[in-house]
Amino acid sequence: MDKRTMLALGLTLAILFVFQAYFLPKAPQQAPVQTQPKTETPTKEVAAPEKAAPTPAGGIAKESSAPAQTERKVTKRFVAETPFIKVTIDDLGGGISSVQLKNYKAKVKGTDYKEVIENIKPYTYVPRVSQHISTGTTSDETIYFSADKEHLNVTDGSAVITLTGTMSDGTSLTKKYTFYPEGYVVGLNATAQGKAETAVSADFAVISDKKESAYVFKGPFVYNNKLKQVDKINEPIDFGKNYSYAGFDEGFFAFIWIPEADLKPAVSVFKTSTNIPVLKCSAASPSIAGRMYFGPKDSNVLKGLNINAQKIIDFGWFDIIAKPLILALKFLNRFTHNYGIDIILLTILIKLIFHPLSVKSYRSMKKMQELQPLIKQLREKYPNDKQKLNQEMMQIYK
């Protein structure tokens, strides 16, 4: 190994050490959080979430830390399965408490499916729907819902599970979840009936505040022709209706809320007292409808949503270089089905593409080495005449 190579390696290691020691952002130290998929039996009981403070329709509020007055527990769970996802819905609150991805594992050598919904206490399901009327706000977190199906297996066409519950003031709240045989999308339609002035809001909490890597963004985002990643939530942030979609980026997986255009609610972001980021959708009507994406940050899958969802994949300054390389890796993987081999093949391919430039560079270096003795003689011959020395050296280079 020559001196230049050793010097380059030494400088690289020194730069890496300085960057990690002084410039690398420190990930906050968190206590371990249980994120394993929920595999309880349908009759197992879990604690009810804390009750949120009343919020006017369309407004923004921080999560209240006050416990619910009456503790209630889940008594039944309803399950919907497609070839891609397994979704669990609780009767208490009528929300989704678990989304497992069948094509991904929680651990590389494990057998459990990847769970998208992390530890989001005081929330225990998504979405939490609240009703806003002139006399106050009521939430679905203490309401038991009945479902028209206890188990749904979707293989051919789309299918719907309808849950119905009654609010404390007598208002009927209906949640309809639509499941599809292809993809990672679940349709949502939540409607409150009973009072003319009713408006509803929906809280979505999917990811915890635990960050595995300082290099990967984890948090809420809002897209409106340009991706806005929310790094810090010191106070509630209101985006209004100026968005196409919004959601949470886990790093390698994502949740995306895609509202129906004619029923688009205003969206805001806040965090709970336990630092859980929450996406709040506040409608001026008694209905909220849209699609919920629970799935991988795969560009091909995201493009299928037809909302420019692939924009959530952001490589920063290296975006222009990284995306073509990823496309090349995916193309090679169609034949090898092994990303390790794909990386080796891609490295060889890049070497072949730049081989002519490398050969030209090596030849130039070799020629310069051959000229060194002659250049040394000229410097000895014209030690005090720089002009003459430069003229003679130009003749050599020609």
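This text follows the structure it describes.
Here the structure is a predicted model, which is why all the values come from computation and not from measurement.

A. Summary view of the side chain of Asp342. Mapped onto the secondary structure, Asp342 falls in helix α4 (residues 339-353). Despite its burial, Asp342 remains without a salt bridge, the nearest opposite charge being carried by Arg334 at 10 Å. Of the polar contacts made by the side chain of Asp342, one reaches the side chain of Thr336; its length is 2.3 Å. Once residues within four sequence positions are removed from consideration, Asp342 is found in contact with Leu329, Leu332, Asn333 and Thr336.

B. Layout of unusual backbone geometry. Here the residue pair Lys121 and Pro122 is connected by a cis peptide bond, since its omega of 15° sits within 30 degrees of zero. In this structure, the amide linkage connecting Val126 to the following residue, Pro127, adopts the cis form with an omega of -10°. One can find Pro127 in the loop between β4 (113-115) and β5 (128-133).

C. The arrangement of empty space enclosed by the protein in detail. What the rule picks out here adds up to 1 cavity of 30 Å³ or more. One number sums up the size of the largest cavity: a volume of about 60 Å³. Lining the largest cavity are Lys114, Glu115, Val116, Glu118, Val206, Ile207, Phe248, Glu250, Phe253, Ala254 and Phe255. Sorting the residues of the lining of the largest cavity by element identifies β4 and β17 (253-259) as the ones contributing at least two each.

D. Quick peek at the packing of aromatic side chains. With the rule as written, the count across this model stands at 10 aromatic pairs. Between the aromatic rings of Phe84 and Tyr184, the centroid separation amounts to 5.3 Å while the plane-to-plane angle is 70°, which identifies the pairing as edge-to-face. Of this pair, Phe84 sits in the loop between β1 (77-81) and β2 (85-90) while Tyr184 sits in the loop between β10 (172-179) and β11 (185-193), and the two are 100 residues apart along the sequence. A single burial state applies to Phe84 and to Tyr184, both of which are buried. Aromatic side chains Tyr223 and Tyr245 sit 4.9 Å apart centroid to centroid with 10° between the ring planes, which places their arrangement in the stacked category. One end of the pair, Tyr223, is in strand β13 (residues 219-223); the other, Tyr245, is in strand β16 (residues 245-249), with 22 residues separating them in the sequence.

Basis of the calculations
- Residues numbered from 1 in each chain as written.
- Predicted model: local features only at pLDDT ≥ 70, side-chain atom pairs only at ≥ 80, totals over all residues.
- Heavy atoms only, no water.
- Helix = DSSP H or I, 4+ residues; strand = E, 2+ residues; numbered from the N terminus.
- Buried < 20%, exposed > 50% of the residue type's maximum accessible area, 1.4 Å probe, protein only.
- Lys, Arg positive; Asp, Glu negative; His and termini not counted.
- Salt bridge = Lys/Arg side-chain N within 4 Å of Asp/Glu carboxyl O.
- Polar contact = N/O pair within 3.5 Å; in protein donor to acceptor, adjacent residues only side chain to side chain.
- Contact = heavy atoms within 4.5 Å.
- 1 Å grid on protein atoms, 1.4 Å probe; cavity = no way out; pocket = protein on both sides within 12 Å on 5 of 7 lines; lining within 4 Å.
- Points joined across faces, edges and corners; volume = space filled by probe spheres on them.
- Phe/Tyr/Trp six-rings, centres within 6.5 Å; stacked < 30°, edge-to-face > 60°.

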